[in-house]
Amino acid sequence: MSITGLAWRGGEPVDRSVSQDTLAELIADPDLLVWVDLCGVDGAEVARIGEALHLDPHSLEDSLTPNERPKAAHFDSYMFVTMYGASLGPRDAVASRVQLTRVSAYALRKCLLTVRMDDRFNMASVTTRWQEDPKLAGFGVDGLLQGLLDEAVDEQFDVLQGLDDDAEELIDQAFADRADLKALQQRTFTVRRELVDLRRVIPPMRDVVAALMRTGSVERRWTTELLAYYEDLTDHTLRATEWLDNLRDLVSSVFETNLALNDNRMNEAMKLLAGWAAIIAVPTLVTGFFGMNVPYFGFGAPAGLWLAGALIAVPVVALFIVFRRKGWI
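Parameters and conventions
- Residues numbered from 1 in each chain as written.
- Predicted model: local features only at pLDDT ≥ 70, side-chain atom pairs only at ≥ 80, totals over all residues.
- Heavy atoms only, no water.
- Pairing = 2+ DSSP bridges.
- Helix = DSSP H or I, 4+ residues; strand = E, 2+ residues; numbered from the N terminus.
- Axes fitted to C-alpha atoms, helices over the stretch in contact; angles between N-to-C directions.
- Contact = heavy atoms within 4.5 Å.
- Phe/Tyr/Trp six-rings, centres within 6.5 Å; stacked < 30°, edge-to-face > 60°.
- Buried < 20%, exposed > 50% of the residue type's maximum accessible area, 1.4 Å probe, protein only.
- Core = buried A, V, L, I, M, F, W, Y, C linked by side-chain atoms within 4.5 Å.
- Patch = residues over 30% accessible without salt bridge, like charges linked within 9 Å, V, L, I, M, F, W, Y side chains within 5 Å.
- Areas by Shrake-Rupley, 256 points an atom, 1.4 Å probe, with all protein chains shown as cover.
- Salt bridge = Lys/Arg side-chain N within 4 Å of Asp/Glu carboxyl O.
- Parallel < 35°, antiparallel > 145°, perpendicular 65-115°, else oblique.
- Left-handed = near helix turned anticlockwise from the far one by under 90°.

Chemist: Explain the sheet that holds strand E6 (residues 98-107) to me, please; I cannot follow it from the model alone.
Modeler: To summarise the sheet geometry, strands pair through backbone hydrogen bonds and adopt either a parallel or an antiparallel arrangement. The strand order E2-E1-E3-E7-E6-E5-E4 describes an open sheet built from seven strands, whose pairing is mixed. Single-partner strands in this sheet number two, and they are strand E2 (12-14) and strand E4 (71-74). Across the sheet, the mean angle separating the axes of adjacent strands is 25° when strand polarity is ignored. Both E6 and strand E7 (residues 111-116) contribute to a ladder of five bridges, which runs antiparallel. Each residue of the ladder has a partner; that of Ala105, found in E7, is Thr114. With respect to the sheet, helix H3 (residues 57-64) is in contact with E4, strand E5 (79-88) and E6, its orientation differing from that of E6 by roughly 160°. Here helix H7 (residues 181-199) sits on the sheet in contact with E5 and E6, set at roughly 5° to E6.

Okay, structure coming up:
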């Protein structure tokens, strides 16, 4: 497990080392704002730190349990928040490219504790955001939490942009002159599955931010300026959800269009086969009639051959012209 962190005093960063040994001392300082990040943790380590910080065992269990949904839960002295960052992996014909990584955050009165199972979430971008906007540290733990949530939503936006590009590519492929419909179906299904993966983590972020705005994390009364930061974050979560829904509708339309194109190709093939079958039926009918072992007009005479040839050629040419004009052949 790796432990990193930052400290601020009066909104200004201070040079204090953050480690497991100094954690209790830093949190005990009432004038110090501390961020502590635990990466690559296991149950025993989390339990030990949770006991030192008086964290509820249920929230500690949630930070380690896989596939937890994004949520915000109030406890006696802190707020527990679960969120997901997202990224796109290399393109695969079948497997989903969406890679989700969970971050659990404990917002205490003077400490923001983040717990990660791996280092896939770009925490460096979060610290850069805090450094570029000193107001966030000035707001306290709620400000730091806003920067963390905003970075997670921004990562989701990047993934949505990549899937939006994929959807545009699917549209171009669907209406190409020689579309590979099998590959198009496979890719469309993969993108739909990637959107389903995002559906699990993006819409619940609205509820997380709404819960924070209703009651705050540790400070029950927010300043108007801090509230404006969270309102901007709410707008981002709504835009991400709407974008996700629009992409789902668009990819579903591409999928339905693909099915319609398959049906259209089948109809074209059936018309082609029906047209040629009608043309072939004429000589079959005529030769079958003239092949009877009974006398008929022109039987055993050259005129009969010419008559049969004319009865074959004229209808065949007429049917070919009619079907060609109708676009059947």
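Chemist: Help me understand the packing of aromatic side chains in this model?
Modeler: The description of an aromatic ring pair uses the distance of the two centres, along with the angle that the planes make with each other. Applying the stated rule across the entire model yields eight aromatic pairs. Arranged with centres 5.2 Å apart and planes meeting at 75°, the rings of Trp35 and Trp130 form a pair that is edge-to-face. Taken as a pair, Trp35 in strand E3 (residues 32-39) and Trp130 in helix H4 (residues 123-132) lie far apart in primary sequence, 95 residues in all. Taking relative accessible area as the criterion, Trp35 reaches 4% and is therefore assigned buried.

Chemist: Is there a simple way to explain the environment of Phe121 in this structure?
Modeler: Position of Phe121 among the secondary structure elements: in the loop between E7 and H4. For the pair Phe121 and Asp158, spaced 37 residues apart in sequence, the C-alpha separation works out to 13 Å. Discounting chain neighbours no more than four positions away, the residues touching Phe121 are Gly85, Thr101, Val103, Arg116, Val126, Leu148, Glu151, Ala152 and Glu155.

Chemist: Help me understand the nonpolar core in this model?
Modeler: In globular proteins that are soluble, nonpolar side chains generally tend to be buried together. Among the nonpolar cores identified, the biggest contains 56 residues, and Met83, Leu145, Leu149 and Leu198 are the most heavily contacted of them. When residues no more than four places from it in sequence are discounted, the contact partners of Met83 are Thr101, Arg102, Val103, Ala105, Leu145, Leu148, Leu149, Ala152 and Met205. Among the nonpolar cores identified, the runner-up in size contains 21 residues, and Leu26, Val36, Val41 and Phe80 belong to it.

Chemist: In this structure, what is going on with the pairing of E3? I would like to understand it.
Modeler: For E3, a buried count of eight out of eight residues is recorded, marking the element as mostly surrounded by other parts of the structure. Where burial is concerned, the two faces of E3 agree: the one with Leu32, Val34, Val36 and Leu38 and the one with Leu33, Trp35, Asp37 and Cys39 are both buried. Here strand E1 (residues 2-9) runs beside E3; their pairing, made up of eight bridges, is antiparallel. When the bridges of E3 are listed, Trp8 appears paired with Leu33. With six bridges joining them, E3 and E7 adopt parallel strand pairing. Its bridge partner being in E7, Val36 is matched across the sheet by Leu113.

Chemist: What's the story with a nonpolar patch on the surface in this structure? I'm lost.
Modeler: A contiguous nonpolar patch, built from Leu272, Trp276, Ile280, Val317, Phe320 and Ile321 and spanning about 520 Å² of accessible area, is present on the exposed surface. Secondary structure elements with two or more residues in the nonpolar patch: helix H9 (224-290) and helix H10 (302-326). Within the element layout of this structure, Val317 appears in helix H10. On the basis of relative accessibility, which here comes to 47%, the residue Val317 falls in the partly exposed class.

Chemist: Would you explain unusual backbone geometry in this entry?
Modeler: Most of the time, phi is negative for any residue but glycine, and the peptide bond is trans. The phi dihedral of Asn67 falls on the positive side, at around 65°, and the residue is not glycine. Judged by its relative accessible area of 64%, Asn67 falls in the exposed class.

Chemist: Just to check I follow, could you spell out the packing of helix H6 (residues 141-174) against H7 for this structure?
Modeler: Describing two packed helices takes the angle between their axes plus the distance from one axis to the other. The contact between H6 and H7 brings their axes to 11 Å, and the two run at 155°. By the angle between their directions, the pair H6 and H7 is classed as roughly antiparallel. As for the relative orientation of H6 and H7, their crossing is left-handed in sense. On H7, the residues that touch Val159, Leu160, Leu163, Asp166, Leu170, Gln173 and Ala174 of H6 are Leu184, Arg187, Thr188, Val191, Glu194, Leu195 and Leu198.

Take it as geometry only, folks, not as evidence of what the structure does.
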